[in-house]
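Per-entry structural report
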Amino acid sequence: MISHLTPEEWKLSWEDKVVEDTRENMRLYQQSSCYWGHFTNDRDFTICHHKEFEVKSMSLGLYFNGHLEADEKGSRITGRFGRKLSLNLFLAMGAVLCLVALFGAAVKSDLEVALVSLVLFAILFLCYRSKPKKGQQRILQQLEQISFDEAFHNRRRMKEPKRKRTMREKAQVPSFEAGADDA
C-alpha cells in the first residue's frame, strides 16, 4: 500500500486511530472493540483487531506485521498476515499428537482411532493454513484509514517546550575534564 502521507505523518495518524499495546492500556481496550498495535522499532509495526472482552493472550485473530518505509509519493506499507506464536504452537502440537495416535492405531490395526485422528489432523491442518478473508479485510481497511487521512497531511509533531532549568541546575558549575590545561 502506498500512502501520500510521509512516515512521520503516517505515525501521527496511527497514534490517532490505534490503541498502543501496553499494560496501562490493557484495561482500557479490554471492554471495547478496537484496533491495537505497537511499533517494534521506528519502521516495523504490528496491528490486530481486538474484539470486546477477548483476552489478548488467547486471541485467535489475525495480526498484520508491517514495515513502513519512505517513498517518493509519501510512504509505503508492506507486510504479511500471521497468527500469534502460541496459537501456531498449539495447532502444531495437536497435529503431532494426532500423527502419533494415527501411527499407534495403525500398529494396533484400530480403524476407528485411526479415522478419528486423521479427521482431527485434517481439521487442525486446515485451521493452520486458513487466514479468514473477513479479518484480513478489516485490518486492511483500518490501514487504509490510517494511510489516507487528509487531516494528517502536512501536519508535524508538536515539539515539546524547552524545559526551564531549576535554580539548583543553574547554580552547578560544570566540571572540567581531567587533563585539561589549568591556564
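Residues numbered from 1 in each chain as written. Predicted model: local features only at pLDDT ≥ 70, side-chain atom pairs only at ≥ 80, totals over all residues. Heavy atoms only, no water.

1. Some thoughts on the packing of aromatic side chains
Inclusion rule: Ring geometry is summarised as follows: Phe, Tyr and Trp rings, the Trp one being its six-membered ring, pair when their centres sit within 6.5 Å, and such pairs are stacked at plane angles under 30 degrees, edge-to-face over 60 and tilted between the two. To qualify as a helix, a DSSP run of H or I must reach at least 4 residues; to qualify as a strand, a run of E must reach at least 2; elements of each kind are numbered from the N terminus. Buried residues are those whose accessible area, probed at 1.4 Å on protein chains only, stays under 20% of the maximum for their type, while exposed residues exceed 50% and partly exposed ones sit between those limits. Sitting over a ring, as applied to charges here, requires NZ of Lys or CZ of Arg to be within 6 Å of the ring centre and within 35 degrees of the ring normal.
Under the defined criterion, the tally for this structure stands at 10 aromatic pairs. Note on W14 and F45: the rings are 5.2 Å apart at their centroids and 65° apart in plane angle, and the pair reads as edge-to-face. One end of the pair, W14, is in helix α1 (residues 7-17); the other, F45, is in strand β4 (residues 44-50), and 31 residues separate them in sequence. The class for F45 is buried, based on a relative accessible area of 2%. Members of the aromatic cluster, each reached through a chain of ring pairs, are W10, W14, F39, F45, F64 and F81. The ring of F39 has K11 sitting right over it, with the charged end atom 5.2 Å from the ring centre.

2. So, the pattern of salt bridges
The cut-off we apply is this: Should a side-chain nitrogen of Lys or Arg be within 4 Å of a carboxyl oxygen of Asp or Glu, the pair is scored as a salt bridge.
For the structure on display, the rule yields 4 salt bridges. Where D16 meets K17, a salt bridge forms, and the shortest distance between an N and an O atom there is 3.6 Å. Residue D149 is joined to K17 by a salt bridge in which the shortest nitrogen-to-oxygen separation is 2.4 Å. On the criterion of sequence distance, the pair formed by D149 in the loop between α5 (133-147) and α6 (167-171) and K17 in helix α1 is long-range, its members being 132 residues apart. Connected through shared salt-bridge partners, D16, K17 and D149 make up one network.

3. Description of the confidence of the model for the chain
Stated precisely, the cut-off is as follows: Looking at any residue, its pLDDT shows the predictor's confidence there, from 0 to 100. Contact between two residues is taken to exist if any of their heavy atoms lie within 4.5 Å; hydrogens are not considered.
Chain-level statistics for the chain give a pLDDT mean of 78 and a share of 76% at 70 or above. In this model, residues 174-180 is a region of pLDDT below 50 whose contacts with residues beyond four sequence positions or in other chains number 0 contacts.

4. Thoughts on the side chain of D149
To keep it simple, the criterion reads: In protein, a polar contact requires one atom able to donate a hydrogen and another able to accept it; more generally it is a pair of N or O atoms within 3.5 Å, and residues adjacent in sequence count only if both atoms are side-chain atoms.
Within the local environment of D149, its side chain forms a polar contact with the side chain of K17, the two groups lying 2.4 Å apart. Sequence-distant contacts of D149, that is, excluding residues within four places in its chain, are made with L5, S13 and K17.

5. Considering the nonpolar core
The condition that has to hold: For this analysis, a nonpolar core means a set of buried residues of the types Ala, Val, Leu, Ile, Met, Phe, Trp, Tyr and Cys, connected via side-chain atoms within 4.5 Å.
With 17 residues, the main nonpolar core has W10, W14, F45, I47, F64, I139 and L143 as its most contacted residues. Counting only elements with at least two residues in this core, the list comes to α1, β4, β5 (63-71), β6 (74-82) and α5. F45 has contacts with W10, W14, H38, F39, T40, F64, N65, G66, H67, L68, I77 and L143, leaving out every residue within four places of it along the chain.

6. Digging into the pairing of β5
Note the threshold: The pairing criterion for strands is at least two bridges between them, as found by DSSP.
With 5 bridges connecting them, β4 and β5 associate as antiparallel partners. Counted as the bridge partner of F45 is G66 from β5. Strand direction decides the pairing type here: β5 and β6, joined by 9 bridges, are antiparallel. Each bridged residue has a counterpart across the sheet, and for H67 the counterpart in β6 is T78. Taken together, β5 and the strand that follows it, β6, pair antiparallel across an intervening segment of 2 residues.

7. Digging into the packing of α1 against α5
Convention followed: Orientation is described by axes fitted as lines to C-alpha atoms, over the contacting stretch for helices, and by angles from 0 to 180 degrees between their N-to-C directions. Each angle gets one of four labels, with under 35 degrees taken as roughly parallel, over 145 as roughly antiparallel, 65 to 115 as roughly perpendicular, and the rest as oblique. A clockwise turn of the near helix away from the far one marks a right-handed crossing, whereas an anticlockwise turn of less than a right angle marks a left-handed crossing. By the convention adopted, Pro, Cys, Tyr, Trp, Phe, Met, Ile, Leu, Val and Ala count as nonpolar, Lys, Arg, Asp and Glu as charged, and the other residues, Gly among them, as polar.
Where α1 contacts α5, the two axes come as close as 8 Å, and the packing angle between them is 125°. Between α1 and α5, the interaxial angle falls into the category oblique. Once α1 is placed against α5, the crossing between them reads as right-handed. Residues W10, S13, W14 and K17 of α1 lie in contact with α5, whose contacting residues are Q142, L143, Q145, I146 and S147. Per-class residue counts for the contact of α1 with α5 are 4 nonpolar, 4 polar and 1 charged.

8. Some remarks on helix α3 (residues 85-108)
Side chains that are three or four residues apart share a direction in an α-helix, a result of its 3.6 residues per turn. Here is the rule we go by: To estimate the expected span of a helix, count its residues, drop one, and scale the result by 1.5 Å.
Helix length check: α3 (24 residues) gives 35 Å between terminal C-alpha atoms against 34 Å at 1.5 Å per residue, within 8%. Those residues of α3 that fall on the buried side of the exposure criterion are L87, L91, G94, A95, C98 and A105. Elements that come into contact with the buried residues of α3 comprise α4 (111-129). Looking one or two places after α3, you find S109, whose phi comes out positive at around 60°.

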